[in-house]
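Read off the chains here:
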Amino acid sequence: MTRETAIRWVAKPIVFTSALLPLVWLAWVVATSDLGPKGPLGANPIEYVNRHLGDWAIRFLLMALAVTPLRGITGWAQLTRFRRMLGLFAFFYVCLHMSSYIGLDQFFDWRAIWKDIVKRNYITVGMLTFVMLLPLAITSTKGMVKRLGGQRWTKLHRLVYPAGIAACFHFYMMRKGVQLEPIVYALICAALLGYRIAAHLKKKAARTAKGAATRVAADASRDRGKAGAPAS
Amino acid sequence: MLIKIAKPSDVKPSEITPKSLYLDRRRFLKTAAVAGAGVVLGTIAAPAPAHAARGPKLEGVVKSKWNLETLGEKLTDYDAITKYNNFYEFGTDKDDPSRNSGAFKTRPWSIAVEGAVEKPGTYDLEDFIKPHALEERVYRLRCVEAWSMVVPWVGISLANVIKHFGPTGNAKYVAFETLLDPKQMPGQNRRVLKWPYKEGLRIDEAMNPLAILAVGLYGEAMPNQNGAPIRLVTPWKYGFKSIKSIVKMRFQADEPPTSWNEAAAREYGFYSNVNPTVDHPRWSQAKERRIGEFLKRPTLMFHGYAEEVAHLYAGMDLRKQY
Ligand code: HEM
């Protein structure tokens, strides 16, 4: 089996199927168990469903954000092949999370939903996150990459950084008091973005160092030229 | 004999117990009878056919005018009331309190009564409760997170407790405090809030007949996760006002600081009356989800207790003094 077949026909299907498990599990539980207080979703199954989907949305978003740092650390370039899938799964769970909010929590009370979006800060931020992720999902196809051109596409997809930050804010703001769990997610997000900043600074430093080195070399040869006589 | 055991108090079981549990009990009784096990088996199993490890039954509980018939609503399931809790001293997830409070020691327990009062002192829980009648009070409970329940509390009238200790003229407010014991209350090891938990009422609010200090629910001693051994219940206010596991009661002239107000003053006011028209920055308070139901229902002013408490706030701007 070539590496290409291994990625395309083994690794990717495995990642894809695993990424569906949180949803499959949830659907299975909803379909088969007692949705009362003794059941696995507890006394407020709607809250459970919404939080479960929100949890997986932010987890996949952070996993997508983890690809580049992991590639940098492990040197395993093939990791990038999974980035789009992880990002799309993040978006998939975001859509489900939003749908559960609209359909289960608010039961299509559009007036209440609109009031929530403009008035409740954490929901405003959640919506903002969604708005940032939407164009990324739309332009995730190969065709779109071509149409936009690699550079513009890359620039657009930098939106994922503020989206990650906003998702962490949404989570933190939604919890009352100072709670540990959203802080842990925010720290992971900060580490993943911090890695990029560090890598960027390092590259810049290297570039200026290299630039300086070439300049020194050029000056040296010019000086030598001025001196006229080759020192052979 | 069998039937007598199944009665939690002088209230008929059909009045206090949700249908499912009641039917379970009847089914059990029938089975027991068929099996010919009779009285003996009945005595062993009658306290809790549907649940293991429930609190001991409370003796001498009298029915109050706040009962299931006058309320006209369905009781929330026992399991929902005892497994879906906000009690951050035992963790921030809803099922943390029931999972982490099993070893919580509620005896011996004493309550310090301090400040502008004629009979200050530290009272043993039993002495604190003894002078007062144990009443069953079936109340709605409204959480600021926009969910609600109907709970059959057992408790003593807070007004009677206050009168018993004799507040002086300076007693304009009553401040309450929860136990501070990070060894027993693992949630206190993290500064989710400034511990110990603090709450307070204006004295006229505290004297309102609706306010009780609850020591049980469903006719049984208070489960730890619900604020054992003694907690406040003020059904016209958001749930967080109803402070749990109380160790201190202080009468004073100034408005006491309260925990959630300290954490986020814009979100949680001192009064925190249930009010569908005053929006909370985090949750719309116009509607609520009754636990066990799918569709949300409109929230009533003072959670349906306006007749009893609205006069306390006459002339106040409830938008500012939320
Ligand atoms: C239109 C956009 C969104 C809306 C309306 C929305 C709404 C909500 C609501 C109502 C809750 C609170 C549930 C509760 O009180 O129990 C919540 C929690 C949460 N949301 Fe969102 N959300 C949105 C977007 C997002 C996005 C884009 C993400 C992540 C990428 C996200 C991740 C989360 C997380 C992690 C939680 C907390 C779950 C927990 O407590 O375990 N949400 N969201």
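Residues numbered from 1 in each chain as written. Chains lettered and ligands numbered in written order. Predicted model: local features only at pLDDT ≥ 70, side-chain atom pairs only at ≥ 80, totals over all residues. Heavy atoms only, no water.

Draft legend 1. Looking closely at the nonpolar core. Within the largest apolar cluster, 91 residues are counted, with the highest numbers of intra-cluster contacts made by F128, L158, F176, L213, I230 and F251 of chain B. Looking at this core element by element, the count peaks at seven residues for strand β5 (residues 147-157) of chain B. Each residue touching I230 of chain B, except ones within four places of it in the same chain, is listed here: W109, I111, L125, F128, I129, L213, A214, V215, K244, S245 and I246 of chain B. Counting 39 residues, the second-largest nonpolar core is a separate cluster that includes F89, A90, M132 and C189 of chain A. (Core = buried A, V, L, I, M, F, W, Y, C linked by side-chain atoms within 4.5 Å. Buried < 20%, exposed > 50% of the residue type's maximum accessible area, 1.4 Å probe, protein only. Helix = DSSP H or I, 4+ residues; strand = E, 2+ residues; numbered from the N terminus. Contact = heavy atoms within 4.5 Å.)

Draft legend 2. The arrangement of the interface of chain B and chain A in detail. The interface is formed by 34 residues belonging to chain B together with 26 residues belonging to chain A. Its largest share of buried area at the contact with chain A, chain B owes to R282, R289 and F294 of chain B, together 24% of the area lost on that side. Run the count over chain B and chain A and you get eight salt bridges. Among the ionic pairs, E47 of chain A bridges to K94 of chain B, the shortest N-O distance being 3.9 Å. On the surface where chain B and chain A come into contact, there are 14 residue pairs in polar contact (both at pLDDT 80 or more). Every element with two or more residues in the side of chain B that touches chain A is listed here: α6 (78-83) and β12 (287-290) of chain B. (Buried area = accessible area lost by both parts, 1.4 Å probe. Salt bridge = Lys/Arg side-chain N within 4 Å of Asp/Glu carboxyl O. Polar contact = N/O pair within 3.5 Å; in protein donor to acceptor, adjacent residues only side chain to side chain.)

Draft legend 3. Inspection of the sheet that holds strand β6 (residues 173-178) of chain B at higher detail. All names here are of chain B. Ordered in space as β3-β2-β11-β6-β7, the five strands form an open sheet in which the pairing is mixed. Looking at the sheet topology across the chains shown, the edges are occupied by β3 (121-124) and β7 (198-202). Pairwise comparison of adjacent strand axes, ignoring direction, gives a mean angle of 20° for this sheet. Sheet analysis places strand β2 (residues 110-115) next to strand β11 (residues 246-252), joined by four bridges and oriented parallel. Bridge pairing in β11 links G115 to F251. (Pairing = 2+ DSSP bridges. Axes fitted to C-alpha atoms, helices over the stretch in contact; angles between N-to-C directions.)

Draft legend 4. Representation of the confidence of the model for chain B. Mean pLDDT for chain B: 86, with 84% of residues reaching 70 or above. What the predictor reports for the complex is a pTM of 0.84 with an ipTM of 0.83. (pLDDT = per-residue confidence, 0-100.)

Draft legend 5. Here's a closer look at the packing of helix α3 (residues 83-105) of chain A against helix α5 (residues 121-138) of chain A. Residue and element names in this part refer to chain A. For the pair α3 and α5, interaxial distance at closest approach is 10 Å and the crossing angle is 140°. On the basis of their axis angle, the class for α3 and α5 is oblique. α5 is crossed by α3, and the crossing has left-handed handedness. Here α3 contributes L88, F91, V94, C95, M98 and Y101 to the contact with α5, which in turn contributes I123, M127, F130, L133, L134 and A137. Of the residues assigned to the contact of α3 with α5, the class counts are 12 nonpolar, no polar and no charged. (Parallel < 35°, antiparallel > 145°, perpendicular 65-115°, else oblique. Left-handed = near helix turned anticlockwise from the far one by under 90°. Nonpolar A, V, L, I, M, F, W, Y, C, P; charged D, E, K, R; others polar.)

Draft legend 6. Here's a closer look at empty space enclosed by the protein. All names here are of chain B. Evaluation of the coordinates by the stated rule reveals four cavities of 30 Å³ or more. Approximately 360 Å³ is the volume found for the largest cavity. In terms of lining, the largest cavity is formed by 26 residues, of which the most central are N86, F87, G239, F240 and K244. For the lining of the largest cavity, the element with the highest residue contribution is β5, accounting for four residues. Class assignment for the residues of the lining of the largest cavity results in 16 nonpolar, six polar and four charged. (1 Å grid on protein atoms, 1.4 Å probe; cavity = no way out; pocket = protein on both sides within 12 Å on 5 of 7 lines; lining within 4 Å. Points joined across faces, edges and corners; volume = space filled by probe spheres on them.)

Draft legend 7. Geometry of the coordination of the iron atom of the ligand. Residues and elements named next belong to chain A. The protein atoms that coordinate the iron atom of the ligand are H97 (NE2) and H170 (NE2), at distances spanning 1.9 to 2.0 Å. Coordination geometry of the iron atom of the ligand: the six donor atoms subtend angles of 85 to 180° at the metal centre, consistent with an arrangement described as octahedral. One end of the pair, H97, is in helix α3; the other, H170, is in helix α8 (residues 160-174), with 73 residues separating them in the sequence. Here H97 matches H170 in class, with each residue buried. (Donors = N, O, S within 2.8 Å, 3.2 Å for Na, K, Ca; no water. Tetrahedral: all angles 85-135°; square planar, octahedral: opposite > 155°, others 65-115°.)

Draft legend 8. Geometry of unusual backbone geometry. Of note, the bond from W195 of chain B into P196 of chain B is cis; its omega dihedral lies within 30 degrees of zero at -5°. Within the secondary structure, P196 of chain B is located in the loop between β6 and β7. In this structure, the amide linkage connecting A228 of chain B to the following residue, P229 of chain B, adopts the cis form with an omega of -5°. When you line up the elements, P229 of chain B lands in the loop between β9 (220-221) and β10 (231-233). Phi is positive for F108 of chain A, close to 55°, though the residue is something other than glycine.

Draft legend 9. Molecular detail of the side chain of T129 of chain A. Checked against the element boundaries, T129 of chain A lands in helix α5. T129 of chain A has contacts with A163, A166 and A167 of chain A, leaving out every residue within four places of it along the chain.

Draft legend 10. Structural context of the side chain of N275 of chain B. All names here are of chain B. Tracing the backbone shows N275 in the loop between α11 (259-263) and β12. Owing to a relative accessible area of 6%, N275 belongs among the buried residues under this scheme. Leaving out residues up to four positions away in the same chain, N275 has contacts with Y238, Q285, M301 and L318.

Draft legend 11. Seen up close, the pattern of salt bridges. Residue and element names in this part refer to chain B. For the coordinates displayed, the defined rule picks out 38 salt bridges over all chains. In this structure, the salt-bridge partner of K198 is E262, at a minimum N-O distance of 3.7 Å. With K198 in strand β7 and E262 in helix α11, this pair connects stretches of sequence that are 64 residues apart. We classify K198 as buried; its relative accessible area is 16%. The class of E262 is partly exposed, set by a relative accessible area of 35%. Members of the salt-bridge network, linked through shared partners, are E73, R140, R142, E288, R290, E293 and R297.

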